[in-house]
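Structural overview
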Amino acid sequence: MNALKRWLNSDVGYSFRQSPTAMAAAAIAFVCLFCSVFAGWVSPTNPFDLATLELSDARLPPAWMEGGTTKFLLGTDDQGRDILSALIYGSRISLVVGLASVVLSVVVGVGLGLLAGFKGGWIDALLMRLCDVMLSFPAILVALLIAGVGRALFPNAHESLAFGVLILSISLTGWVQYARTVRGTTLVERNKEYVQAARVTGVAPLRIMFKHVLPNVMGPVMVLATIQVATAIITEATLSFLGVGAPPTSPSLGTLIRVGNDYLFSGEWWITIFPGLMLVLIALSVNLLGDWLRDALNPRLR
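Residues numbered from 1 in each chain as written. Predicted model: local features only at pLDDT ≥ 70, side-chain atom pairs only at ≥ 80, totals over all residues. Heavy atoms only, no water.

This part covers the pattern of salt bridges. All chains considered together, the criterion is met by five salt bridges. For the salt bridge of Asp124 with Arg183, the shortest nitrogen-to-oxygen distance reads 2.8 Å. Of the two residues, Asp124 is situated in helix α6 (residues 121-135) and Arg183 in helix α8 (residues 159-189); the sequence distance between them amounts to 59 residues. When the shortest N-O distance is used, the salt bridge between Glu189 and Lys192 registers 3.2 Å. Because the salt bridges share partners, they merge into one network encompassing Arg129, Asp132 and Arg180. (Salt bridge = Lys/Arg side-chain N within 4 Å of Asp/Glu carboxyl O. Helix = DSSP H or I, 4+ residues; strand = E, 2+ residues; numbered from the N terminus.)

Turning our attention to a nonpolar patch on the surface. Side chains of Phe30, Val31, Leu33, Phe34, Val37, Phe38, Trp41, Val42 and Leu99 sit close together on the surface and give an oily, nonpolar patch of about 900 Å² of accessible area. Among the elements of the structure, α3 (20-37) and α4 (39-42) are those that each provide at least two residues to the nonpolar patch. If one sorts the elements of the nonpolar patch by residue count, α3 sits on top with five residues. You can see Val31 is positioned in helix α3. Classification of Val31 as partly exposed rests on a relative accessible area of 46%. (Patch = residues over 30% accessible without salt bridge, like charges linked within 9 Å, V, L, I, M, F, W, Y side chains within 5 Å. Areas by Shrake-Rupley, 256 points an atom, 1.4 Å probe, with all protein chains shown as cover. Buried < 20%, exposed > 50% of the residue type's maximum accessible area, 1.4 Å probe, protein only.)

A few words on the layout of surface pockets. The volume enclosed by the largest pocket comes to roughly 470 Å³. What lines the largest pocket is a set of 17 residues, among which Ala26, Ala29, Thr226, Val286 and Leu289 lie closest to the centre. Of all the elements in the fold, those that place two or more residues in the lining of the largest pocket are α3, α5 (83-119), α10 (205-241) and α12 (270-297). Secondary-structure elements contributing two or more residues to the lining of the second largest pocket are α5, α6, α7 (139-153), α8 and α10. A per-element tally of the lining of the second largest pocket places α8 first, with seven residues. Residues that form the lining of the second largest pocket fall into these classes: 10 nonpolar, 10 polar and no charged. (1 Å grid on protein atoms, 1.4 Å probe; cavity = no way out; pocket = protein on both sides within 12 Å on 5 of 7 lines; lining within 4 Å. Points joined across faces, edges and corners; volume = space filled by probe spheres on them. Nonpolar A, V, L, I, M, F, W, Y, C, P; charged D, E, K, R; others polar.)

Secondary-structure assignment places Val97 in helix α5. Residue Val97 is classed as buried on the basis of its relative accessible area, which comes to 2%. The sequence separation of Val97 and Ala232 amounts to 135 residues, and the corresponding C-alpha distance is 7.8 Å. Other than its neighbours up to four places away in sequence, Val97 contacts Phe163, Leu166, Ile167, Ile170 and Glu236. (Contact = heavy atoms within 4.5 Å.)

Within this structure, the stated rule accounts for zero disulfides. Cysteine Cys35 remains unbridged, with the sulfur of Cys32 as its closest cysteine sulfur at 7.0 Å. (Disulfide = S-S within 2.5 Å.)

We now examine empty space enclosed by the protein. Scanning the model with the defined rule gives one cavity of 30 Å³ or more in all. Within this model, the largest cavity holds a volume of roughly 50 Å³. Secondary structure elements with two or more residues in the lining of the largest cavity: α5, α11 (253-261) and α12. Here the lining of the largest cavity is composed, by residue class, of six nonpolar, no polar and two charged.

On to the packing of aromatic side chains. Here the distance between the centres and the angle between the planes together describe a pair of aromatic rings. Evaluated as defined, the whole model comprises seven aromatic pairs. When the ring of Trp64 is compared with that of Phe274, the centres are 6.2 Å apart and the planes differ by 85°; the resulting orientation is edge-to-face. Remark: Phe274 occurs in helix α12 and Trp64 occurs in the loop between α4 and α5; sequence separation between them is 210 residues. When its relative accessible area of 13% is taken as the criterion, Phe274 is described as buried. Following the ring pairs from residue to residue traces out a cluster consisting of Phe30, Phe34, Phe38 and Trp41. (Phe/Tyr/Trp six-rings, centres within 6.5 Å; stacked < 30°, edge-to-face > 60°.)

So, on to the packing of α5 against α6. One can describe the packing of α5 onto α6 by two numbers: an axis separation of 7 Å at closest approach and a directional angle of 140°. With respect to each other, α5 and α6 are oriented oblique. Between α5 and α6 the crossing geometry is left-handed. Counted together, Leu112, Leu115, Ala116 and Lys119 of α5 and Gly121, Ile123, Asp124, Leu127 and Met128 of α6 form the full contact between these two elements. (Axes fitted to C-alpha atoms, helices over the stretch in contact; angles between N-to-C directions. Parallel < 35°, antiparallel > 145°, perpendicular 65-115°, else oblique. Left-handed = near helix turned anticlockwise from the far one by under 90°.)

Any functional reading would require information that these geometric values do not contain.
Laid out in structure tokens, this is it:
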């Protein structure tokens, strides 16, 4: 509680309290995250429990339309699954994959960028040429390739392995932006007086990198990571929509949109519209938080 009070009284906390957009985006993101984490308690039903599904409930409209029922507020899909429950469980998968892929990208990108910027020389040249090669390929194509190859090599793999391949495919190109950002900031920081003083006093280079330089390059990384969460979620939804993302037994928002797309022009619009709106809501709230954080951490933009 004391840490929260100190944060609210800081410059960033004051900027947050003065931004209605940031507060609204944070509230939406918190609700989505809370419902996803506690899906088992928040969700009316478990939509992926086959024993509870009734085909007679398939393609029921939302509760406010003719033929709808309050038991299924947002209607049901072609298998009789509650759309609201499917959204809660599906957003949990999308958020887990998005957050995990960003964390992996940050760890790899920050580590390599810090090494390239601090050491310089041939290490810097090699890592930056590797970044150039990775940037020459569209991220979605690389993700499609890795996810497709992983499914081909492990057709009967466990769900955890399938999600691991999905996270790896998204992270493979995501780390490049962090590496280039950290490398540029490290080139500036390594020539400052506090780094020179640490070298003179005999502090080990590895300790200087992680104890002195790293905290001063994390500002841009935090902004980039916040925005990249939304990008990773959309990438995961794209892969799932194309059939190479989350396993069919644990569908994400992209899978739900793909399933509902078959019924979009037959009148059952709610099967695909509501998952699409949920995806837009999550991505928009995270992007707005990223924009606010960028302005809050840069005094020149205030």
